[in-house]
Amino acid sequence: MEQVNGGTLAAARKVIAVHINYPSRAAQRGRTPAQPSYFLKPSSSLAMTGGSVERPAGCELLGYEGEIALIIGKAARRVGLEDAWSHVAAVTGSNDLGVYDLRYADKGSNLRSKGGDGFTPVGPALIPADAVDPGKLRIRTWHNGELVQDDTTEDLLFPFARLVADLSQLLTLEEGDIVLTGTPAGASVAKPGDVLEVEVSAGDLTTGRLVTRVEEGTTPFADFGAGPKVDDLQREEAYGSREAAGLPAEEGYALSPELKGKLESVATATLSSQLRKRGLNNVSIDGLQATRPDRRVVGLARTLRYVPNREDLFKTHGGGFNAQKRAIDSVNEGEILVMEARGEKGTGTVGDILALRAQVRGAAAIITDGGVRDFTAVAGLDMPTYFANPHPAVLGRRHIPWDTDITIACGGATVQPGDIIVADSDGILVIPPAIAGELVDDCIQQEKEETFIFEMVKQGNSVDGLYPMNAEWQARYEEWKSGKADD
């Protein structure tokens, strides 16, 4: 195949990059665009394989993003979707490098943050566009030899033909122009001395690895222009998460769509098993039933504590816009209101009107280790409620709503505001947010192994040495997993 050379780069009059295109990246960023959006990179940022790129002096966050680059083969102006791919001559690998330290300086245009010399390596080889299905390409990125990005174009938000057609509505894509098509999840930060590699493949066809070495810049920025500036938000976005950036979990922890999706995908039993491996045995809220046992919910905990009724205190704390009503009226979209009722079953802790208000507010669920009043109406709501039992009595018979958003006990488990709650018909788990990411990744791996074990048992194999797997079965599992990845 033809190699990217100086002539190839010189032919590029413009380089256009797409902001978000892979679902995995959209989940990581917490936003999914309805339409593609773009920015320009100068052609002077182009570089070939085997070269080096400077992390500018004084900068901390040189981000890398492995991408598939489209090389335009013939001019495209107002082309349709059915004709757009014919205007692409080839695809190759690219690395959309940039310094987050300068994002603030040209907000929206990315000129200085993404436009530095050498910030767009491409190559090394070109794969002819007419030899591949654009929906069956694979993009991989290695950071110091470790595979950090691995995705395909099968489920892109905006297929490549759509990008070409869309851009051509307003501007002419000229021969040699380059379109960077977005990066999957896994993009992160490189430091001086690091080696970055990107490869695009389609079956037996491959671009080979695009290699870029990172060097430390030595020339400081002059004081007549914008200088590097970073904060924890930029660090989080550059590395992909607060955890990856080495930052503490924020107060008011936000559950990312990516993490929420992973937690929804694994069985409660698997989560419980992995929690137990970490020494967390007292993280289940026990003894409750659900109004919607068919539903599975994942959300962040908000908390409410009831104390035993004392008539003089109920007069000051029980009426009006009390703690119970404040909690219901402040619960946010996707949050789960967890109530400490001390396991007291002799009264209701929530009824139909307040449960409806929580649903209207967007609450994912209510959990109480006390009773539920107006049970038929509460059970008829779409929002699940987990409870000890139905009871007709009003709250004041046994409880005073005392305070909110504090550490509580519910169903034998300690719950703090911001804990992650996973609840379904198998049970209710409380997950510390600091470990949720690694926990669910281990759950996903465990379930893959259990799928393999299930298939082997189904084929007639004994569980001896298979469950758990010994070294021989582990080797067979690795072969099986590799075969699944190739499918």
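Quick note: structure is the one above.
Residues numbered from 1 in each chain as written. Predicted model: local features only at pLDDT ≥ 70, side-chain atom pairs only at ≥ 80, totals over all residues. Heavy atoms only, no water.

A. Focus on the pattern of salt bridges. Per the counting criterion, the structure on display carries 30 salt bridges. Ionic pairing is found between Arg-235 and Asp-232, a salt bridge with its closest N-O pair at 3.0 Å. Within this pair, Arg-235 and its partner Asp-232 are both found in helix α6 (residues 232-239), separated by 3 residues, close to a single helical turn. Linking Asp-382 and Arg-292 is a salt bridge whose minimum nitrogen-to-oxygen distance equals 3.2 Å. Pair noted here: Asp-382 is in the loop between α12 (375-379) and β24 (385-387) and Arg-292 is in the loop between β18 (289-290) and β19 (297-308), with a separation of 90 residues, a long-range link. Salt bridges here are not isolated pairs; linked through shared partners, they connect Arg-25, Lys-41, Glu-65, Asp-96 and Lys-114. (Salt bridge = Lys/Arg side-chain N within 4 Å of Asp/Glu carboxyl O. Helix = DSSP H or I, 4+ residues; strand = E, 2+ residues; numbered from the N terminus.)

B. Representation of the packing of helix α8 (residues 268-277) against helix α13 (residues 436-458) within the structure. Relative to each other, α8 and α13 sit at 120°, their axes nearing to 9 Å. The pairing of α8 with α13 is recorded here as oblique in orientation. Pair α8 / α13 crosses with right-handed handedness. Mapping the contact onto sequence places Thr-270, Leu-271, Ser-273, Gln-274, Leu-275 and Lys-277 in α8 and Leu-439, Asp-442, Cys-443, Gln-446, Glu-447 and Glu-450 in α13. Taken together, the residues of the contact of α8 with α13 sort by class into 4 nonpolar, 4 polar and 4 charged. (Axes fitted to C-alpha atoms, helices over the stretch in contact; angles between N-to-C directions. Parallel < 35°, antiparallel > 145°, perpendicular 65-115°, else oblique. Left-handed = near helix turned anticlockwise from the far one by under 90°. Contact = heavy atoms within 4.5 Å. Nonpolar A, V, L, I, M, F, W, Y, C, P; charged D, E, K, R; others polar.)

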